[in-house]
Amino acid sequence: QVQLVESGGGLVQAGGSLRLSCVASGSDSSTYAMGWYRQAPGAPGKQRELVASISSGGSTNYADSVKGRFTISRDNAKNTMYLEMNSLKPEDTAVYYCNRGGWTYRGGYYPSALWGQGTQVTVSS
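Treat the numbers as computed from the prediction; the structure is a model and nothing was measured.

**Q** Just give me the short version of the overall build of the protein, but keep the residues and values in it.
**A** The helix and strand tally for the protein stands at 0 helices and 11 strands. Seen in sequence order, the protein has helices and strands lined up from the N terminus as β-β-β-β-β-β-β-β-β-β-β. Radius of gyration (C-alpha) of the protein: 14 Å, near the 14 Å computed for a compact globule of 125 residues. Taking the principal axes of the C-alpha coordinates as reference, the protein spans close to 40 × 30 × 30 Å. When the 125 residues of the protein are sorted by exposure, 42% land in the buried category. Accessible area for the protein stands at about 6300 Å²; split by element, carbon and sulfur atoms hold 48% of it. With 11 positive and 8 negative side-chain charges, the protein shows a separation of 3 Å between the mean positions of the two kinds.

See below:
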């Protein structure tokens, strides 16, 4: 059974940094695209926002709100994806989820039903 487990969240002051990790167990994820999503607090019914995604070949996409501040990467040998978050803002506060999905021929990410449990990121002002 494939599982995704996120870690690295926490409480940080505005301007600070965090590094999130997502470990995929039970299956080789190197041939899949993967993505980081987030869901803001107090909005459980709100659709999760795609923050960053990475193809199996290493191509990346970012939401405009995080471009220049966040960096997505992956280590296929460790079956792990990362999200380096710098210059954090209070509006980055959310639960961050990883997903294993696919990559369209146009270079976009699409999610699957495989999600991690999420890791909380809180940025204080």
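There's plenty left to go through after this.
**Q** I'd love a proper account of the state of the cysteines, names of residues and values included.
**A** On inspection of all chains with the given rule, the structure shows 1 disulfide. What pairs with C22 in a disulfide is C98, and their sulfur atoms sit 2.1 Å apart. Taking the sign of the S-S torsion, about 55 degrees here, the bridge from C22 to C98 comes out right-handed. One end of the pair, C22, is in strand 3 (residues 18–25); the other, C98, is in strand 9 (residues 94–103), and 76 residues separate them in sequence. For C22, a relative accessible area of 0% gives the class buried.

**Q** A description of the pattern of salt bridges should follow, citing residues and the corresponding values.
**A** Applying the stated criterion across every chain, the model contains 5 salt bridges. Taking the shortest distance from any N to any O, the salt bridge between K67 and D64 comes out at 3.2 Å. Since its relative accessible area comes to 66%, D64 is described here as exposed. Between R69 and D92 there is a salt bridge whose closest N-O contact spans 2.7 Å. With R69 in the loop between strand 6 (60–62) and strand 7 (70–75) and D92 in the loop between strand 8 (80–85) and strand 9, the pair connects residues that are 23 residues apart, well separated along the chain. Each member of the pair, R69 together with D92, is buried.

**Q** Run through the nonpolar core, naming residues and quoting values.
**A** Core analysis: the largest hydrophobic core is formed by 25 residues, its most contacted members being W36, F70, M81, L83, M85 and Y96. Taken together, the elements giving at least two residues each to this core come down to strand 3, strand 4 (33–39), strand 5 (49–54), strand 7, strand 8, strand 9 and strand 11 (119–124). The leading source of residues in this core is strand 3, at 4 residues. For L83, the contacting residues outside a window of four places in its chain are L18, R19, L20, W36, V51, A52, F70, T71, I72 and Y96.

**Q** Explain the sheet that holds strand 3 to me, using residue names and the numbers behind them.
**A** In sheet architecture, strand pairing relies on hydrogen bonds along the backbone and comes in two forms, parallel and antiparallel. Strand order in the open sheet made by the 4 strands is 1-3-8-7, with antiparallel pairing throughout. On the outer flanks of this sheet lie strand 1 (3–7) and strand 7, each paired with one strand and no other. For this sheet, the mean angle separating the axes of adjacent strands, direction not counted, is 15 degrees. The pairing of strand 7 with strand 8 spans 6 bridges and is antiparallel.

What counts and what doesn't
Residues numbered from 1 in each chain as written. Predicted model: local features only at pLDDT ≥ 70, side-chain atom pairs only at ≥ 80, totals over all residues. Heavy atoms only, no water. Helix = DSSP H or I, 4+ residues; strand = E, 2+ residues; numbered from the N terminus. Rg over C-alpha atoms; globule rule 2.2 N^0.38 Å. Buried < 20%, exposed > 50% of the residue type's maximum accessible area, 1.4 Å probe, protein only. Areas by Shrake-Rupley, 256 points an atom, 1.4 Å probe, with all protein chains shown as cover. Lys, Arg positive; Asp, Glu negative; His and termini not counted. Charge placed at Lys NZ, Arg CZ, Asp CG, Glu CD. Disulfide = S-S within 2.5 Å. Salt bridge = Lys/Arg side-chain N within 4 Å of Asp/Glu carboxyl O. Core = buried A, V, L, I, M, F, W, Y, C linked by side-chain atoms within 4.5 Å. Contact = heavy atoms within 4.5 Å. Pairing = 2+ DSSP bridges. Axes fitted to C-alpha atoms, helices over the stretch in contact; angles between N-to-C directions.

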